[in-house]
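# Chains, contacts and geometry: an overview
Chain residues, written in single-letter form:
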Amino acid sequence: MKLSIIVPTYNEKDNIPVLVKELDAALHDIDFELIIVDDDSPDRTWEVAENLASTHPFVRVIRRRNERDLSTAVLTGFERSTGEVLAVMDADLQHPPEKVSAMFKRIRNGADVVVGSRYVEGGEIEEWSVIRKLYSKGATLLAHIFVPKSRVTKDPLSGFFMIKKTVVDDVELTPTGYKILLEILAKGKINKAEEEPIIFRKRERGKSSLGVGVFVKYIRHLLHLSWETGEIRRMAQFAAVGVSGVLVNLGILWALTDYAGIYYLLSAVASIEASIVSNFVLNDVWTFRDRKESGVTQWMKRLGKFNLISLPAFPMQLVVMGILKEFFGMYYLLAALMGILVVFIWNFVANSLWTWREMNLKT
Ligand code: GDD
Ligand code: MN
């Protein structure tokens, strides 16, 4: 199998010679090509790369004059590649070249995707501040929530990965953001995904060209993917079920109190539980119908989990409401609405990650 390593570059003239040297040393027993896709860097990275190509036959250079975008640069590299296996890595040596052969070995042993992961045992980030790490973790959690297929890896936002070309054959990739791996995990044909721990090294030369705009782009990309893969529809279904639960709750409360003459607080206990059960049943046959294991025992387990997740919802709503009203002076009905929103998010996320977790994923 031949390996095509795609490296997008923008102002990396000092890094490219080192990268070429390190890859050359690390991959002597692998048939590979290195495709450098440069977006007409002002520091003339393309020129440095072309010079390297004349002395290193495995180097190929694509100079794009009219585009400046990390994701489309990667796709251009995919299109021009000749290998059956594709890798993507950064030029700045933050991704350790010596990991490429370990990743390639995993592909040869049957993985469709191998992610160079900072968040598994043995993985690490060398220089980031606590804030930047938190930001990255938060962004990763959002990916796991909005794009469930990204749960095959702890690090779906990594820029270092390898895939079999068949994963993206005939798959339309629309890189509205710069997280190309996320796009591939959401849409690619993947049976087996694996992770290779990497240490995300310090950047020694040049500076990062991904600015503040990336966060907005990322959220847009996430919502877009979530829409395309039906996860937003699922959230809407979950919300609709929640509304039906409120009606069930009030209806039974009324019937038991006014009609059967039961003390209203006792009726409330019964009506709350009834609405939890009706919500569960609807979500099980509708919202998450594609994500459940059959059998009565499994059904009971899911019901138990759903109930457990509902428990903290009640105090949570009160706490959020109380804080917003007492400390921020918010109008109490608005504060209640915010409380309901927080509870909705809690319920959806917890149930999606636990009660009806995606099971068709192999790691
Ligand atoms: N062709 C091209 N065009 N390449 C670009 C462009 C562009 O517009 N912008 C950046 N690059 C190249 C850089 O030259 C580098 O090789 C690589 O893309 C990553 O850019 P950095 O600027 O070094 O990004 P980073 O270190 O902040 O982010 C890295 O880590 C993230 C994980 O938190 C990247 O790997 C991200 O993809 C990754 O998500
Ligand atoms: Mn970098």
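These numbers come from a predicted model, not from an experiment.

As a further point, take the site of ligand 1. Ligand 1 sits among 26 residues. The nearest are Glu12, Asp90, Asp92, Lys179 and Ser209. Glutamine 94 places a polar side-chain atom, nitrogen or oxygen, 2.8 Å from an oxygen atom of ligand 1. Measuring from an oxygen atom of ligand 1, one finds a side-chain N or O atom of lysine 179 at 2.3 Å. Protein coverage of the free-state accessible area of ligand 1, which is 750 Å², stands at 96%.

Attention now goes to the coordination of the manganese ion (ligand 2). At this site the manganese ion (ligand 2) is bound by Asp92 (OD) and Gln94 (OE1), with donor distances of 2.0 Å. Each member of the pair, aspartate 92 as well as glutamine 94, is classed as buried.

What follows is about the environment of lysine 13. As for its placement among the helices and strands, lysine 13 is situated in the loop between strand S1 (3-9) and helix H1 (16-26). Its relative accessible area of 35% is what places lysine 13 among the partly exposed residues. Apart from residues no more than four positions distant in its own chain, lysine 13 is found in contact with Asp43, Thr45 and Val48.

Right, let's talk about the sheet that holds strand S8 (residues 193-197) for a bit. A sheet is described by the order of its strands in space; here seven strands give the open sequence S3-S2-S1-S4-S7-S5-S8, paired in mixed fashion. Of all the strands in the sheet, just strand S3 (59-63) and S8 have a single pairing partner and so form its edges. Taking the axes of each pair of neighbouring strands and ignoring which way they run, one obtains an average angle of 20° across the sheet. As paired elements, S1 and strand S4 (residues 85-88) share four bridges and run parallel to each other. Bridge assignment links isoleucine 5 to a residue of S4, and that residue is alanine 87. Most of the contacts of helix H2 (residues 45-55) go to S3, to which it runs at about 150°, and overall it touches S1, strand S2 (32-38) and S3. Across the sheet, helix H3 (residues 70-80) touches S1, S2, S3, S4 and strand S7 (161-164), and the angle it forms with S1 is around 150°.

Rules used throughout
- Residues numbered from 1 in each chain as written.
- Chains lettered and ligands numbered in written order.
- Predicted model: local features only at pLDDT ≥ 70, side-chain atom pairs only at ≥ 80, totals over all residues.
- Heavy atoms only, no water.
- Near = heavy atom within 4 Å.
- Polar contact = N/O pair within 3.5 Å; in protein donor to acceptor, adjacent residues only side chain to side chain.
- Areas by Shrake-Rupley, 256 points an atom, 1.4 Å probe, with all protein chains shown as cover.
- Donors = N, O, S within 2.8 Å, 3.2 Å for Na, K, Ca; no water.
- Buried < 20%, exposed > 50% of the residue type's maximum accessible area, 1.4 Å probe, protein only.
- Helix = DSSP H or I, 4+ residues; strand = E, 2+ residues; numbered from the N terminus.
- Contact = heavy atoms within 4.5 Å.
- Pairing = 2+ DSSP bridges.
- Axes fitted to C-alpha atoms, helices over the stretch in contact; angles between N-to-C directions.

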